[in-house]
Amino acid sequence: MALMRCEFDSEALGMSTSMTVILPQPDPARPTPADAGPPVLYLLHGLSDDDTAWTRQTAIERYVAPLGLAVVMPQAGRSFYTDETHGNRYWTFLTDELPQVCRSFFRLSERREDTFVAGLSMGGYGAVKWALRQPERFAAAASLSGALNVAHRRHAPDRPLDPDVWHTVWGDAPTAGPDDDTVALVGRAGADTPPLYVACGTEDFLYDDNERFVAAARGRGVPVTVDFSPGDHDWPYWDATIRDVLAWLPLRTRPAAG
């Protein structure tokens, strides 16, 4: 595997930014077609993290090594992967600019069946929002302890969202707009929605939010795999759960067991 941190200029953000990338080494036993690079997982960080968090806090590099899977981990600040009202255009950066930049730097598959997105907490929200708004791009999407009900989270009595973050991202709007509310998005999901994986620890403060999202997904007939098991909002839970997500991904070149 190759592990690198890339510093590059972003036109969408109007500044330099970074991403951490894991690239698989060629495997003679699992060749890729001449016209296609390896499959890619966009892996998104949480509210208090950056693009290095997954590699510092988990063994993600070791987990993906046998899979021939590239992993792209972008820097997104505290943006909720949104074009902020009083800030930067992180949704535009994530969905338009980042994939183009990655393809210009690296040889990655552009096929829908080889493209996946996942994330934790704020990143779980970003992953699900991306998959629901642009379902034609992904074969699967996963949320680990995702903030999947931002409208409720703004004034949640247990752990409300920092009002300064809300103001920066959504301004003075009482709720996130319909394209930023994942419960609303899944409620109007179409037949092309990719399979979703929703995991959340039963001791997590976001557990009720995840339950409501799953109920909305099932009510719409969206294919969703649910993992509600003991765990909290912490790295030991995410380090364990990302292995389950990787095993669930429909990789076309998954190595044979044993």
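Source: prediction; values computed, not measured.

Calculation rules
Residues numbered from 1 in each chain as written. Predicted model: local features only at pLDDT ≥ 70, side-chain atom pairs only at ≥ 80, totals over all residues. Heavy atoms only, no water. Phe/Tyr/Trp six-rings, centres within 6.5 Å; stacked < 30°, edge-to-face > 60°. Helix = DSSP H or I, 4+ residues; strand = E, 2+ residues; numbered from the N terminus. Buried < 20%, exposed > 50% of the residue type's maximum accessible area, 1.4 Å probe, protein only. Lys NZ or Arg CZ within 6 Å of the ring centre and 35° of its normal. Polar contact = N/O pair within 3.5 Å; in protein donor to acceptor, adjacent residues only side chain to side chain. Contact = heavy atoms within 4.5 Å. Salt bridge = Lys/Arg side-chain N within 4 Å of Asp/Glu carboxyl O. Pairing = 2+ DSSP bridges. Axes fitted to C-alpha atoms, helices over the stretch in contact; angles between N-to-C directions.

### Brief notes about the packing of aromatic side chains
Phase 1: Under the counting rule described, the total for this entry stands at 13 aromatic pairs.
Phase 2: With a centroid separation of 5.6 Å and 50° between ring planes, the pair formed by F80 and W170 is classed as tilted. Here F80, found in the loop between β4 (70–74) and α3 (90–105), pairs with W170, found in helix α6 (residues 163–170); they are 90 residues apart in sequence, far enough to count as distant. By the burial criterion, F80 is buried, and W170 matches it.
Phase 3: Ring geometry for W166 against W170: centres 4.6 Å apart, planes inclined by 50°, an arrangement best described as tilted. Within this pair, W166 and its partner W170 are both found in helix α6, separated by 4 residues, close to a single helical turn.
Phase 4: Note on W166: relative accessible area 1%, which makes it buried.
Phase 5: The exposure class assigned to W170 is buried, which follows from its relative accessible area of 8%.
Phase 6: In textbook terms, an aromatic cluster arises when at least three aromatic residues are bridged by ring pairs, as seen for F8, Y90, F93, F105 and F106.
Phase 7: The lysine or arginine in question, R133, covers the ring of W91, its NZ or CZ lying 4.1 Å from the ring centre.
Phase 8: Between the NZ or CZ atom of R159 and the centre of the ring of F205, over which it lies, the distance is 3.8 Å.

### With respect to the pairing of β4
Phase 1: When you tally the buried positions in β4, you get 5 out of 5 residues, the bulk of the element.
Phase 2: Both faces of β4 are covered, namely the face carrying A70, V72 and P74 and the face carrying V71 and M73.

### Here we look at the side chain of S79
Phase 1: Here S79 lies in the loop between β4 and α3.
Phase 2: For S79, a relative accessible area of 0% gives the class buried.
Phase 3: A distance of 3.0 Å separates a polar atom in the side chain of S79 from the backbone nitrogen of Y81.
Phase 4: Residue contacts for S79: discarding those within four places in its chain leaves E84, Y90, M122 and V169.

### A closer look at the environment of Q134
Phase 1: Here Q134 lies in the loop between α4 (122–133) and β6 (140–144).
Phase 2: A residue is classified by how much of its surface remains accessible, and Q134, at 15% relative accessible area, is buried.
Phase 3: Through-space distance from the C-alpha of Q134 to that of D192 is 9.6 Å; in sequence the pair is 58 residues apart.
Phase 4: Those residues in contact with Q134 that sit more than four places away from it in its chain are W91 and T95.
Phase 5: Engagement of the side chain of Q134 in a polar contact is seen with the side chain of R137, the distance being 2.6 Å.

### Here we look at the pattern of salt bridges
Phase 1: Across all of its chains, the model carries 13 salt bridges by this definition.
Phase 2: When the shortest N-O distance is used, the salt bridge between D179 and R188 registers 2.6 Å.
Phase 3: Under the relative-accessibility criterion, D179 is labelled partly exposed at 36%.
Phase 4: Taken together, the shared-partner salt bridges connect R5, E7 and D51 into one network.

### A word on the sheet that holds strand β8 (residues 224–229)
Pairing between the strands of a sheet is mediated by backbone hydrogen bonds and can be parallel or antiparallel.
Phase 1: With mixed pairing, the 8 strands of this open sheet are ordered in space as β1-β2-β4-β3-β5-β6-β7-β8. The two strands at the open ends of the sheet, each matched to only one other strand, are β1 (2–10) and β8. For this sheet, the mean angle separating the axes of adjacent strands, direction not counted, is 15°.
Phase 2: Together, β3 (40–44), β5 (115–120) and β6 form the strand contacts of α4, whose direction differs from that of β5 by roughly 150°.

### Some points on the pairing of strand β2 (residues 15–23)
Every regular strand shows the same layout, with side chains that alternate between the two sheet faces.
Phase 1: Counting buried residues in β2 gives 7 out of 9 residues, a clear majority hidden from the surface.
Phase 2: Pairing of β1 with β2 involves 9 bridges; the strand directions are antiparallel. Paired with S10 across the two strands is M15, which belongs to β2.
Phase 3: Between β1 and β2, which pair antiparallel in sequence order, lie 4 residues; one of them, G14, sits at a positive phi of approximately 70°.
Phase 4: The sheet contact formed by β2 and β4 spans 4 bridges and is antiparallel. If you follow I22 over to β4, its bridge partner there is V71.

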